[in-house]
Every structure is written in C-alpha cells, then in structure tokens.
Amino acid sequence: MKKAMIYGLGISGTGAKELLEKEGYEIIVVDDKKAMRSEEALNHLDGIEFFIKSPGIPYNNFVKEVQKRGIKILDEIEIAYNYMIEKGMKTKIIAITGTNGKSTTTAKISDMLNHAGYRAAYAGNIGRSLSEVLLKEKDLDFISLELSSFQLENIENFKPYISMIINMGPDHIERYNSFDEYYDTKFNITKNQTEDLYFIENIDDVEIEKRAKQIKAKRISVSKFKKADIFVKNDKICHGENSIIDVDKLSLKGIHNLENTLFMVATAEIFTIDREKFTRIFY
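Counting from 1, residues in each chain are numbered in the order their sequence is written. For a predicted model such as this one, the threshold for reporting local features is a pLDDT of at least 70, and the threshold for listing and counting side-chain atom pairs is 80 or more; totals across whole chains, interfaces and linings nevertheless cover every residue. Neither water nor hydrogens contribute to the side-chain values; these are computed over all heavy atoms in the structure.

1. Structural notes on empty space enclosed by the protein
Stated precisely, the cut-off is as follows: Cavities and pockets are found on a 1 Å grid laid over the protein atoms alone: a cavity is a set of points where a 1.4 Å probe fits but cannot escape, a pocket is an open set with protein on both sides within 12 Å along at least five of seven lines, and a lining residue has an atom within 4 Å of such a point. Grid points are joined across faces, edges and corners, and a volume is the space filled by probe spheres set on the points. The residue classification treats Ala, Val, Leu, Ile, Met, Phe, Trp, Tyr, Cys and Pro as nonpolar and Asp, Glu, Lys and Arg as charged. All others, Gly included, are polar.
Tallied over the entire structure, the rule returns 1 cavity of 30 Å³ or more. Lining the largest cavity are Lys108, Leu250, Ser251, Leu252, Thr261, Met264, Ile281 and Phe282. For the lining of the largest cavity, a count of residues per class yields 5 nonpolar, 2 polar and 1 charged.

Right, here's the structure in full:
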C-alpha cells in the first residue's frame, strides 16, 4: 500500500488526509497535540512516499530530518492540484496571494462568478482546504484559491489559470531569512504558468515590478494611479477608454478595497463576463 505522512492536523492536513485515503494511501498522522508525536514519528519514516507539512508549521528539527532523509515534502495545495490533473477535472483555478486583501478578493471573486452564472467556490487560506472542496463540490467551473506564502513554499506542478499577487509588504520575517526570500516565495504562484495563462499584475507595487520579468503568463496590468489594462481615472475604474464602475459607488471603501476591486474587475474582463452582471456585486 502507498504510504504518506501528514504533519499537522489542521484544515489543510485534514483535507489532505481525506483525499489521500480516498485514493488508497495509508496515512500516518503526526501532530504533537492531536496524534502521534514528532519524536515517535522519526521511527516511522521508512517507506514514506511523500511528507505533507501543514503550512503553519516551521522547518523545525523534525522537518529537517525528513529533508535529510530525502523524503519529498509537499503542501496540501500541491496534492490537491495533482489530484485534479489525474482525474481530468476541468475546473479552473484562480490563485490569489498578497500581504493584504487576499481574503476579501478571494471571497468576492467567488461571489462574482456565481452571480454571473458560473459554479464557483472559494478555498485555501480562507478556511476550507482545496482538498475538501474538490471532494465535496462537484462540477465546479472555478475555484478561487487564497494562498499564503507558507502554502507556496513547496510548489512543484501547481499551475493556476489566473494568478495574482495583490501587493507585497514586509511580513513573516520570523519564517524567512530576508524579506526578499518572502517576496520570492510569493512569486511561486506563477512559476509554472505559461503564456496561455494569466497573471494580474499590480504595477503600483515596487516588489512585484522588480520580479515582473520572470512572469511567463500573459500579464494583465492594474493600477490605482497609472494607465494600465484596468486603472482608475477621474474616480472611475476603466478598461481602455471604457468606464466600468464609479469609485464612489463601491460598497467597500478605502484604498485597499479599491485595489482589491481592480483585481476582481480584471478577472471578470479575462472571462468577458457581461459587465452589467458583475458590477452589481460591488454596489
């Protein structure tokens, strides 16, 4: 029997366990509070195909020992994405990360797509694992997926249809050696994308623009201050010469929510959603 180890029985660990057990894996669960302790788990590493580490767990001595033994470390996101590919699912992933605003944007994109007549759900760092959504909600057109930097550390195959980094500011320095390492980890969201896929690019963000050359996907630019594919002019959100929404009519107020809205509008424009359908959700 195929065997995997899951370290951490939170939302992502529980989702990965359910999905892998459905696929016939023997699962060894390690959790210093809820299951086998990590000290004991050191005696159970033989024959492990891969090791799934919950995002919030740091690279402690136990994880370093797993690395030393050459066992592949994956995140639940990668496991769930591989499951999608193996099952031939046509669901498109819209992957969202950023230092601020990602939860709002993730939820609102899902709402917007449902309002436009699609079957959409949200998942990820917003309280529902991708594995859980794939197992419980069938025939989805889209999954709006919030990702933290922690969930992007062990990406191998993950390749969203649309990716976006809303903004990048200094955070999680306790986890990373430098802020540059943190920013680079965020950019894993787009590392496997190809030119037939999309990256929504905040051209106002200095750290995003420093790394923009590595983006292979088609870039759709957004800006609060400059001319872009989706931008603000005369207190209106515009696409080219066309005004889409009056800023003062938005139900979510403030500069961060305006930034979030630009990403939502860009997503709607990529899918050519009827503007009358999707703009109602912002009022």
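2. Considering the packing of helix H1 (residues 11-22) against helix H4 (residues 76-86)
Filter applied, for reference: Orientation is described by lines fitted to C-alpha atoms, with helices fitted over the stretch in contact, and by angles between N-to-C directions that extend from 0 to 180 degrees. To qualify as a helix, a DSSP run of H or I must reach at least 4 residues; to qualify as a strand, a run of E must reach at least 2; elements of each kind are numbered from the N terminus. Each crossing is labelled by how the near helix is turned from the far one, with a counterclockwise turn of less than a right angle marking it left-handed and a clockwise turn marking it right-handed. Contacts are assigned to residue pairs that have any heavy atoms within 4.5 Å of one another.
Between H1 and H4, the shortest axis-to-axis distance is 9 Å and the interhelical angle comes to 30 degrees. Where H1 crosses over H4, the two elements pack in a sense that is left-handed. For the pair H1 and H4, the contacting residues are Ser12, Ala16, Leu19, Leu20 and Lys22 in the first and Glu76, Ile79, Ala80 and Tyr83 in the second. Across the contact of H1 with H4, the residue classes break down as 6 nonpolar, 1 polar and 2 charged.

3. Some remarks on the sheet that holds strand S7 (residues 142-146)
Operational definition: Any two strands with at least two DSSP-identified bridges between them are counted as paired.
Spatially, 9 strands are ordered S6-S7-S5-S8-S9-S10-S11-S12-S13 in an open sheet, and the strand pairing comes out mixed. A strand with exactly one partner marks an edge of an open sheet, and here the two such strands are strand S6 (120-124) and strand S13 (242-246). In this sheet, adjacent strand axes meet at a mean angle of 25 degrees when their direction is disregarded. Bridge count between strand S12 (residues 236-239) and S13: 4 bridges; the pairing is antiparallel. Within S13, the residue paired with Lys236 across the bridge is Asp246. Contacting strand S5 (92-97), S6, S7 and strand S8 (162-165), helix H5 (residues 102-115) runs over the sheet at an angle of about 170 degrees to S7.

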